[in-house]
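Letter by letter, the chains look like this.
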Amino acid sequence: QVDIVESGGGLVQAGGSLRLSCTASGNGFSLYTLAWYRQAPGEQRQLVADMRMDYNTRYTDPAKGRFTISRDNAKNTVFLQMNNLKPEDTAVYYCNFRHGSLFEYWGQGIQVTVSS
């Protein structure tokens, strides 16, 4: 069983920053694609950013230029640095660890609220 723990969410004013962290128990996650998704009320869960095992990154439009994904393989941890936050960034953020189609793990979700 893999346990995944997220931290770093909370309430911040528009223009502020937050850094989300997500750590998985176990080993072998250096081979995984690590990602962050978010889900706003009434909306579907959407990809924010991901990073492959070769450190190639991908950002969706809302995250470009403001968010940075990074990983620490030694600690089985993925980070999301969020700068210049906007009220529309308010959502529950989920981390995701994926390796192929057989292995996929989700964090429990963490609330990020940006006030105007």
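What you see is a predicted model; the values in this text were computed from it and never measured.

Definitions and cut-offs
- Here the residue numbering is sequential within each chain, running from 1 through the sequence in written order.
- Two thresholds apply to this predicted model, a pLDDT of at least 70 for residue-level local features and 80 or more for giving and counting side-chain atom pairs, whereas whole-chain, interface and lining totals are computed over all residues.
- Based on all heavy atoms of the structure, the side-chain values leave hydrogens and waters out of the count.
- Working definition: with a 1.4 Å probe on protein chains only, accessible area under 20% of the residue-type maximum means buried, over 50% means exposed, and in between means partly exposed.
- Helix numbering and strand numbering both begin at the N terminus, where a helix is a DSSP run of H or I of at least 4 residues and a strand a DSSP run of E of at least 2.
- DSSP calls a pair of strands paired once it identifies at least 2 bridges connecting them.
- Salt bridges are counted wherever a side-chain nitrogen of Lys or Arg sits within 4 Å of a carboxyl oxygen of Asp or Glu.
- Under this scheme, a helix contributes an axis fitted over its contacting stretch, all axes are lines through C-alpha atoms, and angles between N-to-C directions fall in the 0 to 180 degree range.
- By disulfide we mean two sulfur atoms from cysteines, separated by a distance within 2.5 Å.
- By nonpolar core we mean a set of buried residues, namely Ala, Val, Leu, Ile, Met, Phe, Trp, Tyr and Cys, connected to one another through side-chain atoms within 4.5 Å.
- We call two residues in contact whenever any of their non-hydrogen atoms come within 4.5 Å of each other.

Concerning the pairing of strand S8 (residues 77–82)
Next, step 1: Counted residue by residue, S8 has five buried out of six residues, so it is predominantly covered.
Next, step 2: For strand S3 (residues 18–24) and S8, the ladder comprises six bridges, and the chain directions are antiparallel. Within S8, the position partnered with Arg19 by the bridge is Gln81.
Next, step 3: Two elements, strand S7 (residues 67–72) and S8, share six bridges in a ladder whose sense is antiparallel. Counted as the bridge partner of Arg71 is Val78 from S8.
Next, step 4: Joining the antiparallel neighbours S7 and S8 is a turn of four residues, in which Asn76 adopts a positive phi near 50 degrees.

Quick look at the pattern of salt bridges
Next, step 1: For the structure shown, the criterion picks out five salt bridges.
Next, step 2: A salt bridge links Asp89 to Arg38, with the shortest nitrogen-to-oxygen separation between them at 2.9 Å. Taken together, the positions of Asp89 in the loop between S8 and strand S9 (91–99) and Arg38 in strand S4 (residues 33–39) put the pair 51 residues apart, joining distant regions of the chain.
Next, step 3: A salt bridge links Asp61 to Lys64, with the nearest nitrogen and oxygen atoms 3.1 Å apart.
Next, step 4: Three or more residues are tied together by salt bridges with common partners; here these are Arg38, Arg66 and Asp89.

Digging into the sheet that holds strand S1 (residues 4–7)
Next, step 1: A sheet is described by the order of its strands in space; here four strands give the open sequence S1-S3-S8-S7, paired in antiparallel fashion. At either end of the open sheet lies a strand with only one pairing partner, and these are S1 and S7. In this sheet, adjacent strand axes meet at a mean angle of 15 degrees when their direction is disregarded.

Looking at the state of the cysteines
Next, step 1: The tally for this structure, following the rule as stated, stands at one disulfide.
Next, step 2: The disulfide that involves Cys22 links it to Cys95, with 1.9 Å between the sulfurs. Residues Cys22 and Cys95 are joined by a disulfide whose S-S torsion is about 40 degrees; by sign, that bridge is right-handed. Of this pair, Cys22 sits in strand S3 while Cys95 sits in strand S9, and the two are 73 residues apart along the sequence.

Describing the nonpolar core
Next, step 1: One finds Trp36, Leu80, Met82, Tyr93 and Phe97 to be the most contacted residues of the largest nonpolar core, which totals 28 residues.
Next, step 2: Only S3, S4, strand S5 (46–51), S7, S8, S9 and strand S11 (110–115) provide two or more residues apiece to this core.
Next, step 3: Apart from the residues within four sequence positions on either side, Phe97 is in contact with Ile4, Cys22, Ala24, Phe29, Tyr32, Thr33, Leu34, Asn76, Val78, Phe103, Glu104 and Tyr105.

Quick notes on the pairing of S5
Next, step 1: The buried count for S5 comes to five of six residues, which makes it a mostly enclosed element.
Next, step 2: Pairing geometry for S4 and S5, over five bridges, is antiparallel. Bridge pairing links Tyr37 to Leu47 in S5.
Next, step 3: Between S4 and S5, which pair antiparallel in sequence order, lie six residues; one of them, Gly42, sits at a positive phi of approximately 80 degrees.
Next, step 4: The sheet contact formed by S5 and strand S6 (residues 57–59) spans three bridges and is antiparallel. Looking at the pairing, Ala49 lines up with Tyr59 of S6.
Next, step 5: Hairpin connection, S5 to S6: the antiparallel pair is bridged by five residues, and Tyr55 has positive phi, about 70 degrees.

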